[in-house]
Amino acid sequence: GAVSGGGRNALDVTVQGDELNRFVLGELSGVNIDLMHPDGGKAFLRIDRQSNAQYEDPRLGPHLVLAEDLEFALESRPIEVVIEARSVGDFPASQFEANYFAKTESESGWQSFTLTREFQPYTLTFYTPKRGREEGYDFVGIRPVAPDKHRVMDVRSVEIRSAGKKGTPPLTQQNGIVP
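Presented here is a report on the structure given in the accompanying data block. Nothing here was measured: the structure is a model prediction, and the numbers come from that model.

On to the packing of aromatic side chains, then. The relation between two aromatic rings is expressed through the spacing of the ring centres and the mutual angle of the planes. Tallied over the full model, the rule gives seven aromatic pairs. Seen from their ring centres, F44 and F119 are 6.1 Å apart, and the 65° between their planes marks the pair as edge-to-face. Here F44, found in strand β3 (residues 44-50), pairs with F119, found in the loop between β8 (111-114) and β9 (120-127); they are 75 residues apart in sequence, far enough to count as distant. Like F44, the residue F119 is buried in the burial classification. Taking 5.3 Å as the distance between ring centres and 80° as the angle between the ring planes, the aromatic pair formed by F96 and Y122 counts as edge-to-face. One end of the pair, F96, is in strand β6 (residues 95-103); the other, Y122, is in strand β9, with 26 residues separating them in the sequence. Here the aromatic residues F96, F113 and Y122 are joined through ring pairs into a cluster of three or more. The ring of Y55 is capped by R143, whose NZ or CZ atom sits 4.9 Å from the centre of that ring. For K166, the ring lying beneath its charged end belongs to F72, and the centroid distance is 4.5 Å.

Calculation notes
Starting from 1, residues in each chain are numbered consecutively following that chain's sequence as written. Whole-chain, interface and lining totals are the exception, using all residues; otherwise, since this is a predicted model, local features are given only for residues with pLDDT of at least 70 and side-chain atom pairs are given and counted only at 80 or more. Remark: hydrogens and water are excluded; side-chain values derive from all non-hydrogen atoms of the structure. Two aromatic rings, drawn from Phe, Tyr or Trp (for Trp, its six-membered ring), form a pair once their centres lie within 6.5 Å of each other, and the interplanar angle then sorts them: stacked below 30 degrees, edge-to-face above 60, tilted otherwise. In this description a helix means any DSSP run of H or I spanning at least four residues, a strand means any run of E spanning at least two, and both kinds are numbered starting from the N terminus. Under the scheme applied here, a residue whose accessible area is under 20% of the maximum for its type counts as buried, over 50% as exposed, and between as partly exposed, the area being computed with a 1.4 Å probe on protein chains only. Working rule: Lys NZ or Arg CZ, within 6 Å of ring centre, within 35 degrees of ring normal, means a charge sits over the ring.

Following this line, the structure appears as C-alpha coordinates:
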(Lines give C-alpha, C1' and ligand atoms only; values in the text may rest on other atoms or scores of the structure.)
Protein backbone atom coordinates (compact mmCIF):
# COMPACT_ATOMS: atom_id res chain seq x y z
CA GLY A 1 0.00 0.00 0.00
CA ALA A 2 0.86 3.67 -0.04
CA VAL A 3 3.59 5.03 2.23
CA SER A 4 2.04 7.14 4.98
CA GLY A 5 3.25 9.19 7.93
CA GLY A 6 1.03 6.95 10.08
CA GLY A 7 2.29 7.83 13.56
CA ARG A 8 5.66 9.01 12.25
CA ASN A 9 6.88 12.51 11.47
CA ALA A 10 5.35 13.10 8.00
CA LEU A 11 8.20 15.57 7.25
CA ASP A 12 10.79 12.77 7.51
CA VAL A 13 9.69 9.25 6.55
CA THR A 14 12.06 6.35 5.84
CA VAL A 15 11.02 3.19 4.03
CA GLN A 16 13.41 0.33 4.91
CA GLY A 17 13.52 -3.33 5.85
CA ASP A 18 10.30 -5.25 5.25
CA GLU A 19 8.48 -1.98 4.53
CA LEU A 20 10.30 -1.96 1.16
CA ASN A 21 7.55 -4.38 0.09
CA ARG A 22 5.52 -1.18 -0.43
CA PHE A 23 7.34 -0.80 -3.77
CA VAL A 24 4.93 -1.33 -6.65
CA LEU A 25 6.33 -3.08 -9.72
CA GLY A 26 4.42 -1.03 -12.29
CA GLU A 27 2.79 -2.36 -15.44
CA LEU A 28 5.83 -2.64 -17.71
CA SER A 29 7.35 -6.02 -18.49
CA GLY A 30 11.11 -6.41 -18.37
CA VAL A 31 11.54 -5.15 -14.80
CA ASN A 32 11.58 -7.37 -11.70
CA ILE A 33 11.71 -6.52 -8.01
CA ASP A 34 12.41 -8.90 -5.13
CA LEU A 35 12.53 -8.26 -1.40
CA MET A 36 15.75 -9.97 -0.24
CA HIS A 37 16.28 -11.17 3.35
CA PRO A 38 20.00 -11.74 4.03
CA ASP A 39 20.89 -13.94 7.03
CA GLY A 40 21.08 -11.71 10.07
CA GLY A 41 20.80 -8.51 8.01
CA LYS A 42 18.13 -6.00 7.10
CA ALA A 43 15.92 -6.70 4.11
CA PHE A 44 16.61 -4.80 0.90
CA LEU A 45 14.97 -4.49 -2.51
CA ARG A 46 16.64 -5.93 -5.64
CA ILE A 47 15.66 -4.29 -8.94
CA ASP A 48 16.54 -5.98 -12.24
CA ARG A 49 15.76 -4.08 -15.46
CA GLN A 50 16.05 -5.41 -19.02
CA SER A 51 17.50 -2.98 -21.57
CA ASN A 52 14.29 -3.12 -23.63
CA ALA A 53 12.17 -1.89 -20.67
CA GLN A 54 11.90 1.75 -21.76
CA TYR A 55 9.49 4.16 -20.05
CA GLU A 56 9.30 7.80 -18.97
CA ASP A 57 6.36 7.71 -16.52
CA PRO A 58 7.78 6.47 -13.19
CA ARG A 59 4.42 4.80 -12.39
CA LEU A 60 5.15 2.22 -15.12
CA GLY A 61 8.24 0.85 -13.34
CA PRO A 62 9.24 0.21 -9.70
CA HIS A 63 7.91 3.03 -7.51
CA LEU A 64 6.64 4.05 -4.10
CA VAL A 65 3.19 5.61 -3.77
CA LEU A 66 3.07 8.44 -1.20
CA ALA A 67 -0.25 8.81 0.62
CA GLU A 68 -2.21 12.05 0.93
CA ASP A 69 -0.83 12.86 4.40
CA LEU A 70 2.73 12.96 3.02
CA GLU A 71 1.64 14.91 -0.06
CA PHE A 72 -0.03 17.48 2.22
CA ALA A 73 2.93 17.70 4.63
CA LEU A 74 5.50 18.01 1.83
CA GLU A 75 3.66 20.35 -0.57
CA SER A 76 5.19 23.68 -1.67
CA ARG A 77 8.62 23.12 -0.15
CA PRO A 78 12.06 21.79 -1.02
CA ILE A 79 12.37 18.11 -0.22
CA GLU A 80 15.14 15.53 -0.34
CA VAL A 81 14.71 11.92 -1.37
CA VAL A 82 17.71 10.01 0.01
CA ILE A 83 18.10 6.60 -1.63
CA GLU A 84 20.57 4.15 -0.11
CA ALA A 85 21.60 1.89 -3.01
CA ARG A 86 24.38 -0.20 -4.56
CA SER A 87 25.16 -2.09 -7.75
CA VAL A 88 25.17 -5.87 -7.49
CA GLY A 89 25.47 -9.16 -9.36
CA ASP A 90 27.00 -10.33 -12.63
CA PHE A 91 25.38 -7.43 -14.52
CA PRO A 92 25.71 -4.59 -12.01
CA ALA A 93 24.12 -1.25 -12.85
CA SER A 94 26.78 1.45 -13.00
CA GLN A 95 24.05 4.11 -12.70
CA PHE A 96 20.48 4.43 -11.54
CA GLU A 97 17.82 7.06 -12.00
CA ALA A 98 15.22 8.47 -9.63
CA ASN A 99 12.15 10.60 -10.35
CA TYR A 100 9.83 12.42 -7.91
CA PHE A 101 6.48 12.64 -9.68
CA ALA A 102 3.85 14.94 -8.14
CA LYS A 103 1.70 15.40 -11.24
CA THR A 104 2.27 15.39 -14.97
CA GLU A 105 3.39 19.00 -15.12
CA SER A 106 5.45 18.77 -11.95
CA GLU A 107 8.09 16.07 -11.66
CA SER A 108 11.82 16.05 -11.15
CA GLY A 109 12.38 14.07 -14.33
CA TRP A 110 14.81 11.15 -14.25
CA GLN A 111 17.96 12.22 -12.39
CA SER A 112 21.06 10.01 -12.73
CA PHE A 113 23.39 8.80 -9.99
CA THR A 114 26.57 6.71 -10.24
CA LEU A 115 26.44 3.50 -8.18
CA THR A 116 29.22 1.70 -6.32
CA ARG A 117 29.38 -1.89 -5.02
CA GLU A 118 28.78 -0.66 -1.43
CA PHE A 119 25.54 0.85 -0.14
CA GLN A 120 25.76 4.65 -0.25
CA PRO A 121 23.19 7.46 0.07
CA TYR A 122 22.19 9.38 -3.07
CA THR A 123 20.08 12.54 -2.74
CA LEU A 124 17.46 13.83 -5.17
CA THR A 125 16.35 17.37 -4.27
CA PHE A 126 13.03 18.63 -5.61
CA TYR A 127 10.65 21.55 -4.99
CA THR A 128 7.16 20.09 -4.61
CA PRO A 129 4.18 21.94 -6.09
CA LYS A 130 1.14 23.22 -4.23
CA ARG A 131 -1.56 20.59 -4.16
CA GLY A 132 -4.42 20.97 -6.58
CA ARG A 133 -8.08 20.69 -5.72
CA GLU A 134 -8.13 16.94 -6.07
CA GLU A 135 -6.12 14.97 -3.60
CA GLY A 136 -3.82 12.60 -5.38
CA TYR A 137 -0.71 10.64 -4.77
CA ASP A 138 2.93 11.52 -5.29
CA PHE A 139 5.31 8.86 -6.56
CA VAL A 140 9.03 8.10 -6.26
CA GLY A 141 10.35 5.99 -9.15
CA ILE A 142 13.73 4.22 -9.04
CA ARG A 143 15.31 2.28 -11.91
CA PRO A 144 18.76 0.94 -12.84
CA VAL A 145 20.17 2.28 -16.11
CA ALA A 146 20.34 -0.70 -18.50
CA PRO A 147 22.24 0.18 -21.71
CA ASP A 148 22.31 -3.47 -22.85
CA LYS A 149 21.15 -6.90 -21.65
CA HIS A 150 19.97 -6.17 -18.11
CA ARG A 151 21.28 -4.36 -15.03
CA VAL A 152 20.79 -5.01 -11.31
CA MET A 153 20.80 -2.77 -8.23
CA ASP A 154 19.79 -3.02 -4.57
CA VAL A 155 17.91 -0.41 -2.54
CA ARG A 156 18.30 -0.55 1.27
CA SER A 157 16.23 2.52 2.18
CA VAL A 158 14.36 5.51 0.80
CA GLU A 159 14.02 8.56 3.04
CA ILE A 160 11.68 11.38 2.03
CA ARG A 161 12.22 14.51 4.10
CA SER A 162 11.53 18.22 4.14
CA ALA A 163 14.55 20.39 3.32
CA GLY A 164 12.93 23.75 4.05
CA LYS A 165 9.85 25.59 5.22
CA LYS A 166 6.54 25.41 3.36
CA GLY A 167 6.30 28.25 0.83
CA THR A 168 10.08 28.62 0.57
CA PRO A 169 10.62 29.59 -3.07
CA PRO A 170 12.88 27.34 -5.13
CA LEU A 171 16.35 28.61 -5.96
CA THR A 172 15.55 28.09 -9.64
CA GLN A 173 12.35 27.34 -11.49
CA GLN A 174 14.12 24.75 -13.65
CA ASN A 175 11.55 21.94 -13.42
CA GLY A 176 11.65 22.00 -9.61
CA ILE A 177 15.21 20.68 -9.44
CA VAL A 178 17.25 22.53 -6.86
CA PRO A 179 20.98 22.62 -7.73
